[in-house]
Protein chains: 2
Amino acid sequence: MRTREYGQFCGLARAAEILGQRWAVLILRDLLVGPRRYSDLAAGLPGIPSNVLAARLKELEQDGLVVRQARGGADRSIVYRVTDRAEELRPALDALASWGAAGMRVPREGEVVTEASLVTALRVAAAGGRPPGARRTVTCVVRAGDAVAHAIVSGTRVTAGPGEHPAPDLTISAGSGPGLRDLLAGTLGPEAAVAEGVIEVTGDRSLLADFAATFHVPYSASLTGSAA
Amino acid sequence: MRTREYGQFCGLARAAEILGQRWAVLILRDLLVGPRRYSDLAAGLPGIPSNVLAARLKELEQDGLVVRQARGGADRSIVYRVTDRAEELRPALDALASWGAAGMRVPREGEVVTEASLVTALRVAAAGGRPPGARRTVTCVVRAGDAVAHAIVSGTRVTAGPGEHPAPDLTISAGSGPGLRDLLAGTLGPEAAVAEGVIEVTGDRSLLADFAATFHVPYSASLTGSAA
DNA sequence: CGGGATCCCCCGAGATACTG
DNA sequence: CAGTATCTCGGGGGATCCCG
């Protein structure tokens, strides 16, 4: 069999043939946040070799998950965009992200938080928290490490996006450490997190408790000390 | 960064570091059906190099997803078993399997159906079909290629397991082709499937329509001809 | 015979440089 | 900006061997 194939007529094997390629899921994660140029992807995936990025994009295009299209107008750059078929993958990737996050307590040496990972984390966390029932729309900006993302809580809907929001009601700034992760897990209460200085809050502080209730990613119940 | 790591403090990246390893998800798929010996795994994963299987099992054990334990008594062989942490992965793998199956119409040259893949397919298909409401327990044996699996429909619950069932109410035999896949997708009706000879049915034939309604894995709506 | 370990080959990932 | 070209090297693929 060709080395990336498994020789089994099995949905999971077919998925693994595509997503098991190195960097493939992270490329899709980034593109599921929104269309990106080649250099945007390279910047959002620190450490990816350029030839690997080029090869993966070509493969994902052949697999029908990504399309490349020239942007019209004066800007002649090329953007990569996910297809509907890749959109169908979002629930599965979110489930994977949720599982992985449940086994993740502390960043390893040198690990960073990227913009796309933060957006994905917020989206997954919104699915794991108590459904909001805000009377008015609340916007929130979250910073972790160098990454910035925002969330918009409107009624019962939560959307997460990259970058700043022009007029956030609440801004949460966490360092590169596990502060935000502990907050989302609920092992560190909102007040304690602020008191210990692991997160910094500006804006309407009274919204912080709501935030911690709306966004939730628990730690795995079956975690021993070894599986950091 | 070590070559299997991604250097990102991100749940999806952590998951990809484990599941992106070659053969890892198929090993877990097989073990999620039930405990297996080394040689059982090797037999159920045609083409896996022995060194890779040994290395993966060691890694999965270190990652806390697999435990190896000696079977007591006269049988001194070793069985591999999934941990609770790996059980938590089941929904995500099922979502991946469902997505992969949606893009899978026809077996490629030389592709086989294994027992574990058939069991997994039935479990995923049960989640995608109409919830059953059988008054009595119905058991069904399904054969595809060389693989045999069975399903037990009891009230609103469906369980899938490997191998035969002592007294099935219904037995469906499909060849190595896409016959069973088309039946599950609904593109081939039960009567047509029998009439065209792509599946063979023994037992209570009147249960076949119920089977096709209870087990369902649709084709992706966004599929073009290229993405077989 | 089950459960691996070892060896060799080679593909593909990683890193960097370079070009249309 | 958006990739190719080139090189090195670790890890996978395949076969064989070994040990209890």
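Above this text sits the structure in question.
This is a predicted model, so every value here is computed, not measured.

Student: Any chance you could explain the overall build of chain A here in plain terms?
Tutor: Check the secondary structure of chain A and you find 10 helices and 8 strands. The C-alpha atoms of chain A give 19 Å as radius of gyration, which agrees with the globular expectation for 228 residues (17 Å, within 12%). When the backbone C-alpha atoms are referred to their principal axes, chain A occupies close to 55 × 50 × 35 Å. Looking at chain A residue by residue over its 228 residues, the buried ones come to 50%. Total accessible area on chain A is roughly 10,200 Å²; 52% of this is exposed by carbon and sulfur atoms. Looking at charge distribution, chain A has the averaged site of its 25 positive side-chain charges lying 4 Å from that of its 24 negative ones.

Student: Explain the sheet that holds strand β1 (residues 36-37) of chain B to me, please; I cannot follow it from the model alone.
Tutor: Within a sheet, each strand pairs with its neighbour through backbone hydrogen bonds, oriented either parallel or antiparallel. Residue and element names in this part refer to chain B. With antiparallel pairing, the 3 strands of this open sheet are ordered in space as β1-β3-β2. Strands with a single pairing partner mark the edges of an open sheet, and in this sheet they are β1 and β2 (66-70). Bridge analysis of β1 against strand β3 (residues 78-82) gives 2 bridges, and the strand direction is antiparallel. From the neighbouring strand, R36 faces β3, where its bridge partner is Y80.

Student: Can you help me understand the packing of aromatic side chains in this one?
Tutor: Each aromatic ring pair is described using two quantities: the centre-to-centre distance and the angle formed by the ring planes. Taken as a whole and assessed by the stated rule, the structure comprises 4 aromatic pairs over all chains. Between the aromatic rings of Y6 of chain A and W23 of chain B, the centroid separation amounts to 4.8 Å while the plane-to-plane angle is 75°, which identifies the pairing as edge-to-face. Placement of Y6 of chain A in the segment before α1 (11-19) and of W23 of chain B in the loop between α1 (11-19) and α2 (24-33) is noted, with the two residues assigned to different chains. Judged by relative accessible area, which is 3%, W23 of chain B ranks as buried. The ring of Y219 of chain A has R105 of chain A lying over it, and the distance from NZ or CZ to the ring centre is 4.1 Å. Directly above the ring of Y6 of chain A sits R22 of chain B, whose terminal nitrogen or CZ lies 4.2 Å from the centroid.

The rules behind these values
- Residues numbered from 1 in each chain as written.
- Chains lettered and ligands numbered in written order.
- Predicted model: local features only at pLDDT ≥ 70, side-chain atom pairs only at ≥ 80, totals over all residues.
- Heavy atoms only, no water.
- Helix = DSSP H or I, 4+ residues; strand = E, 2+ residues; numbered from the N terminus.
- Rg over C-alpha atoms; globule rule 2.2 N^0.38 Å.
- Buried < 20%, exposed > 50% of the residue type's maximum accessible area, 1.4 Å probe, protein only.
- Areas by Shrake-Rupley, 256 points an atom, 1.4 Å probe, with all protein chains shown as cover.
- Lys, Arg positive; Asp, Glu negative; His and termini not counted.
- Charge placed at Lys NZ, Arg CZ, Asp CG, Glu CD.
- Pairing = 2+ DSSP bridges.
- Phe/Tyr/Trp six-rings, centres within 6.5 Å; stacked < 30°, edge-to-face > 60°.
- Lys NZ or Arg CZ within 6 Å of the ring centre and 35° of its normal.

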